[in-house]
Amino acid sequence: MVEQVVASTAVDDIHTHLYDPAFGKLLLWGIDDLLVYHYLIAETFRFTKVSYDEFWALRLKQQAELIWDELFIRHSPISEACRGVLTTLNKLGLDVKRRDLNSIRKWFADWKIEDYTAHCLELAKVKSVCMTNSPFDDLERPVWENGFVSTGPFRSALRIDPLLLDWPKTGQLLAKWGYKVKPQLDAKTVSEMRRFLADWAKRMQAQYVMVSLPPEFAYPAENEVSQIVEKIVLPHCAEFGYPFAVMPGVRRAVNPRLQLAGDGVGRNDLTALQNLCAMHPENKFLCTILSRENQHELGVLARKFANLHIFGCWWFMNIPSLVDEITRMRIELLGLSFTPQHSDARVLDQLIYKWDHSRTIISRVLVDKYDDLAKTGWVVKKEEIERDVRFLFGGAFSEFLAGKLPASNSQAKE
Ligand code: RAT
Ligand code: ZN
């Protein structure tokens, strides 16, 4: 019964890199984009003799052929990211054992993107998709400036890494766009940066404001990142009621020759997150973290602060052995008060495998937990399982977004 409920309950996917089809070419889909996923590019360079420069000079189709050859033909495709391509193709009804890239390409060529988007959402049982929207992205910004408003399943989150991590360089962009900012964070600059955030959060109707952070992130601290968080981002989020989503643990460009595939991981000192939650009870925080070594501490922190909602097994954590471990631990620490997974899909079709693989593990963990309950004589009813799964698949997140923080939180400041 648990497996059936988990398999059939539609999910809100709260962090992806997908786009509404209205964004045109920004929405990646189909076999070539599936193969040229940066997770697979990194794996290909474990095997290939082709140089980085030669690889980047290839056209998308040629890159896809090289990846297919190295990862699927010359070796069995048993990594999680390889297996994901095959799960996707299999669920789409393609015969993967033929190992025939060209016939797979032909199958995709017949689809129109609007129909295919609906088909993928349906197959993956995803009812909403949160995009990652950056005002600093030159391809995406014009779509918003032309008045795009999301009406369908695609929702928005305002991503602000350059504002925090690359000030004052990003200040030059803000100045070009008419905000009266200076490199120093003086009072006028602070209010103009807040005006910038308010304009974009409104334009995007963002669900939350988000940033990824390096392992060194500290708070409070005498540095620009900490000052921008304290003076600009947190007051902005508190005023408009948005959670601030922090994603610590990424060490960007450890191998820049791999481009997007070249980021790594490092451990964080979670005292920073503890301080954020304790010092800003008027703010809500979402958090997912990249290092396995930080996962337990993060679970414990969520027990301490109702203004912290933890979500997802992010990026290098999204492999079956760790999803099982992390989900089990979170349920044991937090019951149902977290969001176990997001897809982080960059290619539309990945929704199919990311959710299929995650559902299998989430249902295995739930079966064990309900079974432990049954041994006490507490037998869960079908409606209770359905309620719980709905909560894990978006209900807890929506309540966190909409809900008021406990009264003691706001009193703590007074
Ligand atoms: O998982 C990924 O695709 C990464 O490249 C990142 O985009 C990461 O999820 C992020 O949001 O920074
Ligand atoms: Zn992401």
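Data block above holds the structure.
The structure displayed is predicted, hence computed values, not measured ones. (Residues numbered from 1 in each chain as written. Chains lettered and ligands numbered in written order. Predicted model: local features only at pLDDT ≥ 70, side-chain atom pairs only at ≥ 80, totals over all residues. Heavy atoms only, no water.)

1. Notes on the packing of helix H16 (residues 320–334) against helix H17 (residues 350–374)
The geometry of H16 relative to H17 is characterised by a closest axis approach of 9 Å and an angle of 40 degrees between their N-to-C directions. Classed by the angle they form, the pair H16 and H17 counts as oblique. Where H16 crosses over H17, the handedness of that crossing is right-handed. The residues of H17 that touch H16, namely those facing Pro320, Val323, Asp324, Thr327, Arg328, Ile331 and Glu332, are Ile361, Ile362, Arg364, Val365, Leu366, Asp368 and Lys369. (Axes fitted to C-alpha atoms, helices over the stretch in contact; angles between N-to-C directions. Helix = DSSP H or I, 4+ residues; strand = E, 2+ residues; numbered from the N terminus. Parallel < 35°, antiparallel > 145°, perpendicular 65-115°, else oblique. Left-handed = near helix turned anticlockwise from the far one by under 90°. Contact = heavy atoms within 4.5 Å.)

2. Regarding helix H5 (residues 60–73)
Here H5 is 14 residues long and its end C-alpha atoms lie 18 Å apart, about the 20 Å a rise of 1.5 Å per residue gives. Those residues of H5 lying buried are Gln63, Ala64, Leu66, Ile67, Trp68, Glu70, Leu71 and Phe72. Contacts from the buried residues of H5 go to helix H2 (31–35), helix H3 (38–44), helix H4 (52–57), helix H6 (80–91) and helix H7 (101–109). (Expected span 1.5 Å × (residues − 1). Buried < 20%, exposed > 50% of the residue type's maximum accessible area, 1.4 Å probe, protein only.)

3. So, the pattern of salt bridges
Between side chains of opposite charge, a pair can form when the charged atoms approach closely. Summed over all chains, the structure comprises 28 salt bridges. For aspartate 12, the salt bridge identified is with arginine 155, shortest N-O distance 4.0 Å. Taken together, the positions of aspartate 12 in strand E1 (residues 11–13) and arginine 155 in strand E3 (residues 154–155) put the pair 143 residues apart, joining distant regions of the chain. Salt bridges sharing common partners tie together Glu332, Lys369, Asp371, Asp372 and Lys375. (Salt bridge = Lys/Arg side-chain N within 4 Å of Asp/Glu carboxyl O.)

4. Quick look at the packing of aromatic side chains
Considering all chains together, one arrives at 24 aromatic pairs under this definition. When the ring of tryptophan 107 is compared with that of phenylalanine 108, the centres are 4.9 Å apart and the planes differ by 85 degrees; the resulting orientation is edge-to-face. Look at tryptophan 107 and you get partly exposed, because its relative accessible area is 25%. Taken together, a centroid distance of 4.8 Å and an interplanar angle of 25 degrees make the contact between tryptophan 315 and phenylalanine 316 stacked. The class for tryptophan 315 is buried, based on a relative accessible area of 10%. Through pairs of rings, three or more aromatic residues link up here, namely Trp29, Trp107, Phe108, Trp111 and Tyr116. (Phe/Tyr/Trp six-rings, centres within 6.5 Å; stacked < 30°, edge-to-face > 60°.)

5. Here we look at the site of ligand 1
As a matter of local geometry, ligand 1 sits amid His15, His17, His38, Tyr39, Arg159, Met247, Arg252, Trp314, Trp315, Asp344 and Arg346. One of the side-chain N or O atoms of histidine 17 is found 3.0 Å from an oxygen atom in ligand 1. A distance of 2.8 Å separates an oxygen atom of ligand 1 from a polar atom in the side chain of tryptophan 314. Protein coverage of the free-state accessible area of ligand 1, which is 300 Å², stands at 98%. (Near = heavy atom within 4 Å. Polar contact = N/O pair within 3.5 Å; in protein donor to acceptor, adjacent residues only side chain to side chain. Areas by Shrake-Rupley, 256 points an atom, 1.4 Å probe, with all protein chains shown as cover.)

6. As for the nonpolar core
Core analysis: the biggest nonpolar cluster contains 135 residues, and Phe244, Leu273, Leu308 and Leu351 have the highest contact counts within it. At nine residues, the largest contribution of residues to this core is made by H17. Among residues more than four places away in sequence, those in contact with leucine 308 are Leu273, Cys277, Phe285, Cys287, Leu301, Ala302 and Phe400. (Core = buried A, V, L, I, M, F, W, Y, C linked by side-chain atoms within 4.5 Å.)

7. Focus: unusual backbone geometry
The omega torsion of the bond from tryptophan 167 to proline 168 falls at 10 degrees, within 30 degrees of zero and hence cis. Mapped onto the elements, proline 168 comes out in the loop between helix H10 (161–165) and helix H11 (169–176). In the segment running from tyrosine 219 into proline 220, the intervening peptide bond is cis, with an omega of -5 degrees. Mapping proline 220 onto the fold places it in the loop between strand E5 (209–213) and helix H13 (224–240). Its identity is not glycine, yet lysine 125 carries a phi of approximately 55 degrees, on the positive side. With respect to the helices, strands and loops of the structure, lysine 125 is situated in the loop between helix H8 (113–124) and strand E2 (126–130).

8. What to know about the coordination of the zinc ion (ligand 2)
Here the zinc ion (ligand 2) is held by His15 (NE2), His17 (NE2) and Asp344 (OD), and the distances to it run 2.0 to 2.2 Å. Mapping the donors of the zinc ion (ligand 2) onto the primary sequence gives the spacing H-x1-H-x326-D. Assigned by exposure class, histidine 15 and histidine 17 land together as buried. (Donors = N, O, S within 2.8 Å, 3.2 Å for Na, K, Ca; no water.)

9. Some points on the layout of surface pockets
For the largest pocket, the calculated volume is near 1000 Å³. Contributing to the lining of the largest pocket are 42 residues, with His17, His38, Arg252, Leu260 and Arg346 lying nearest its centre. If you list the elements that add at least two residues to the lining of the largest pocket, you get H3, H10 and E5. Here the residues of the lining of the largest pocket are counted per class, giving 25 nonpolar, seven polar and 10 charged. Along its surface, the second largest pocket is lined by 23 residues, and Tyr39, Glu43, Ala81, Trp315 and Ile319 are the ones closest to its centre. It is H17 that contributes the most residues to the lining of the second largest pocket, five residues altogether. Here the residues of the lining of the second largest pocket are counted per class, giving 12 nonpolar, seven polar and four charged. (1 Å grid on protein atoms, 1.4 Å probe; cavity = no way out; pocket = protein on both sides within 12 Å on 5 of 7 lines; lining within 4 Å. Points joined across faces, edges and corners; volume = space filled by probe spheres on them. Nonpolar A, V, L, I, M, F, W, Y, C, P; charged D, E, K, R; others polar.)

10. Let's talk about the environment of isoleucine 104
The topology assignment puts isoleucine 104 in helix H7. The class of isoleucine 104 is buried, set by a relative accessible area of 4%. As a C-alpha pair, isoleucine 104 and isoleucine 31 span 73 residues in sequence and 7.2 Å in three-dimensional space.

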